[in-house]
Amino acid sequence: MPMETALSFEKDEPGADEKTNPCVPVRARGGIPAVNPEPSPHIRLKDGTPALTRPIRPADGAALSRGLRRLSPKGHAYRFLHYRKRFTEAELHYLTHCDFIDHIALILAILDEAGNELDQVGVARCIRAKDDPQLAEVAIVLVDEWQRKGGGTALLMRLARLAWHAGIRQWKAHVLPENLAAPRVLTGIGDEMARTAPRAGLAEIVYRLRPPGAD
Ligand SMILES: CC(C)(COP(=O)(O)OP(=O)(O)OC[C@H]1O[C@@H](n2cnc3c(N)ncnc32)[C@H](O)[C@@H]1OP(=O)(O)O)[C@@H](O)C(=O)NCCC(=O)NCCS
């Protein structure tokens with residue numbers, strides 16, 4: 001499978017058929033299409049490491065727990081707002097069993113040169129708001145040693161595309177004011193529409209997603 005750069009693989013893939021296009025609706029609930037949870041084409045991060053983004057699976061619970069132990073205190077604070085020692089079984093079940101309609105989550109996986117998955121180093125998810133079907137809350141985290149290599153951008157670009165095909169048009173993110181990276185990455189994916197002044201130390205930023213292929 002050809003390697004593509006982290007920042008280019010999300011462009012619409014001309015010629016992709018319904019089997020390979022990761023955004024083809026495969027089932028529907030209440031008129032909202034789910035998206036085909038296929039792994040992405042292989043990419044290379046900025047340091048040349050082969051990787052891919054793929055849907056989270058029920059078997060990823062152990063990887064999520066390992067990832068928690070690999071996060072710095074800053075990573076815990078930025079993603080969870082406080083230190084998370086562990087996930088409960090119920091939380092792991094919720095986080096790994098997505099319907100890809102209202103809850104879409106992707107893993108960033110590191111590959112060896114043969115394309116075998118070596119490690120899971122990031123996760124991004126969006127969860128549709130109960131009172132607004134076009135709005136979803138987005139959250140992302142990469143283990144520290146894999147940050148600043150384009151992986152966060154790759155995850156969010158693909159997540160945005162899947163979200164768009166599931167009818168989601170806006171994301172909201174909760175961000176600590178000192179977190180410069182998250183708004184930077186999110187602004188690359190969508191256009192900021194609104195930002196609340198930090199309440200209890202936390203700002204809510206709403207982004208309008210761009211139609212796939214608009215960039
Ligand atoms: C936010 C996060 C996911 C970004 O992922 P990443 O893989 O490091 O980001 P990328 O390498 O794709 O970088 C994207 C852009 O953000 C910038 N960026 C990344 N980290 C940065 C930092 N610490 N400070 C300033 N800019 C930063 C990059 O320079 C890049 O900009 P460019 O394209 O103009 O060069 C990652 O830093 C992270 O996991 N943070 C902790 C959890 C968190 O903050 N989650 C968000 C709350 S929901």
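For clarity, every value in this text was computed on a predicted model and none was experimentally measured.

So what's going on with the site of the ligand? Residues and values would help.
The immediate surroundings of the ligand are formed by 22 residues, with Tyr78, Gln147, Gly152, Thr153 and Ala181 found nearest. Elements represented by at least two residues in the shell around the ligand include exactly α2 (73–80), β8 (132–142), α4 (151–165), β9 (170–175) and α5 (181–187). Partitioned by chemical class, the residues of the shell around the ligand number eleven nonpolar, seven polar and four charged.

Residues and numbers for the environment of glutamate 91, please.
Among the structural elements, glutamate 91 can be located in helix α3 (residues 89–96). Given 14 C-beta atoms within a 10 Å radius, glutamate 91 is considered partly exposed. Along the primary structure glutamate 91 and glycine 61 are separated by 30 residues, whereas in three dimensions their C-alpha atoms are 9.3 Å apart.

Give me the nonpolar core: which residues, what numbers.
Residues Ile104, Leu156, Leu159 and Ala163 are the most contacted members of the largest nonpolar core, which totals 44 residues. Elements that contribute at least two residues to this core include exactly β5 (50–55), β6 (103–111), β7 (117–129), β8, α4, β9, α5 and β11 (203–209). Looking at which element gives the most residues to this core, the answer is α4, with eight residues. When residues no more than four places from it in sequence are discounted, the contact partners of leucine 159 are Ile104, Leu106, Ala124 and Cys126.

An account of the pairing of β5 is needed here, citing residue identities and associated values.
Both strand β4 (residues 43–44) and β5 contribute to a ladder of two bridges, which runs antiparallel. Note that in β5 the partner of arginine 44 across the bridge is proline 50. Connecting β4 to the antiparallel partner β5 that follows it, the hairpin turn spans five residues, and glycine 48 within it adopts a positive phi of roughly 95°. The pairing of β5 with β6 spans five bridges and is classified as antiparallel. From the neighbouring strand, proline 55 faces β6, where its bridge partner is leucine 106.

What counts as what
- Residues numbered from 1 in each chain as written.
- Predicted model: local features only at pLDDT ≥ 70, side-chain atom pairs only at ≥ 80, totals over all residues.
- Near = placed C-beta within 6 Å.
- Helix = DSSP H or I, 4+ residues; strand = E, 2+ residues; numbered from the N terminus.
- Nonpolar A, V, L, I, M, F, W, Y, C, P; charged D, E, K, R; others polar.
- Buried ≥ 20, exposed ≤ 12 C-beta atoms within 10 Å, placed from the backbone.
- Core = buried A, V, L, I, M, F, W, Y, C linked by C-beta atoms within 7 Å.
- Contact = placed C-beta atoms within 7 Å.
- Pairing = 2+ DSSP bridges.

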